[in-house]
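# Observations on the model geometry
Here is how the chains run, residue by residue.
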Amino acid sequence: QVHVVESGGGLVQAGGSLRLSCAASGNIFSLNVMGWYRQAPGKQRELVATIHSGGITNYADSVKGRFTASRDYAKNTVYLQMNSLKPEDTAVYYCNHRKIGIGTPSVDYWGQGTQVTVSS
């Protein structure tokens, strides 16, 4: 079992910045992907950014150039630096830890979510 906890959400004006943190603990497998997803009211959950245990990052087109994902491997923690925030970035942000299976299905673990609100 893996426990995932996010922190760092809040209210910010458009153009401002926030930094989200996500710590994973428990039965961490060395081959994994950690990432950020978000869900706005009335919309489906969507991918924001992921970072593989090997360091490869992937971003949604809507956040490229504004958001940066990073990892602290020693702490099993990932961060999402969000700059130039827009009102459309308002959503609940969820951290995901995906344990990549070898010959077995991958397993997803989710945090409880943290609210990010960007005012215009």
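Preceding this paragraph is the structure being described.
What counts as what
- Residues numbered from 1 in each chain as written.
- Predicted model: local features only at pLDDT ≥ 70, side-chain atom pairs only at ≥ 80, totals over all residues.
- Heavy atoms only, no water.
- Buried < 20%, exposed > 50% of the residue type's maximum accessible area, 1.4 Å probe, protein only.
- Helix = DSSP H or I, 4+ residues; strand = E, 2+ residues; numbered from the N terminus.
- Pairing = 2+ DSSP bridges.
- Phe/Tyr/Trp six-rings, centres within 6.5 Å; stacked < 30°, edge-to-face > 60°.
- Lys NZ or Arg CZ within 6 Å of the ring centre and 35° of its normal.
- Contact = heavy atoms within 4.5 Å.

The next point concerns the pairing of strand E1 (residues 2–7). Burial along E1 is one-sided: Val2, Val4 and Glu6 are buried, while His3, Val5 and Ser7, pointing the other way, are not. By the bridge criterion, six bridges tie E1 to strand E3 (residues 18–26) in an arrangement that is antiparallel. Considered in E3, the bridge of Glu6 is made with Cys22.

Bringing the packing of aromatic side chains into the picture now. All told, the structure shown has one aromatic pair when counted by the stated rule. Between Tyr37 and Trp110, the aromatic rings sit 5.1 Å apart at their centres with planes inclined by 70°, giving edge-to-face as the arrangement. A residue pair is termed long-range when its members are at least 10 positions apart, and Tyr37 in strand E4 (residues 32–39) and Trp110 in strand E10 (residues 107–110) qualify at 73 residues. Judged by relative accessible area, which is 14%, Tyr37 ranks as buried. Look at Trp110 and you get partly exposed, because its relative accessible area is 36%. Above the face of the Tyr94 ring, Arg45 is positioned so that its terminal group lies 3.7 Å from the ring centre. A cation sits over an aromatic face here: Arg45 above Trp110, 4.6 Å from the ring centre.

On to the environment of Val116. Looking at the secondary structure, you find Val116 in strand E11 (residues 114–119). Exposure remark for Val116: the relative accessible area of 0% places this residue in the buried category. Each C-alpha atom, one on Val116 and one on Ala40, is 9.7 Å from the other, the two residues being 76 residues apart in sequence. Excluding residues that lie within four positions of it along the chain, Val116 makes contacts with Gly9, Gly10, Leu18, Leu20, Met82, Asp89, Thr90, Ala91 and Tyr93.

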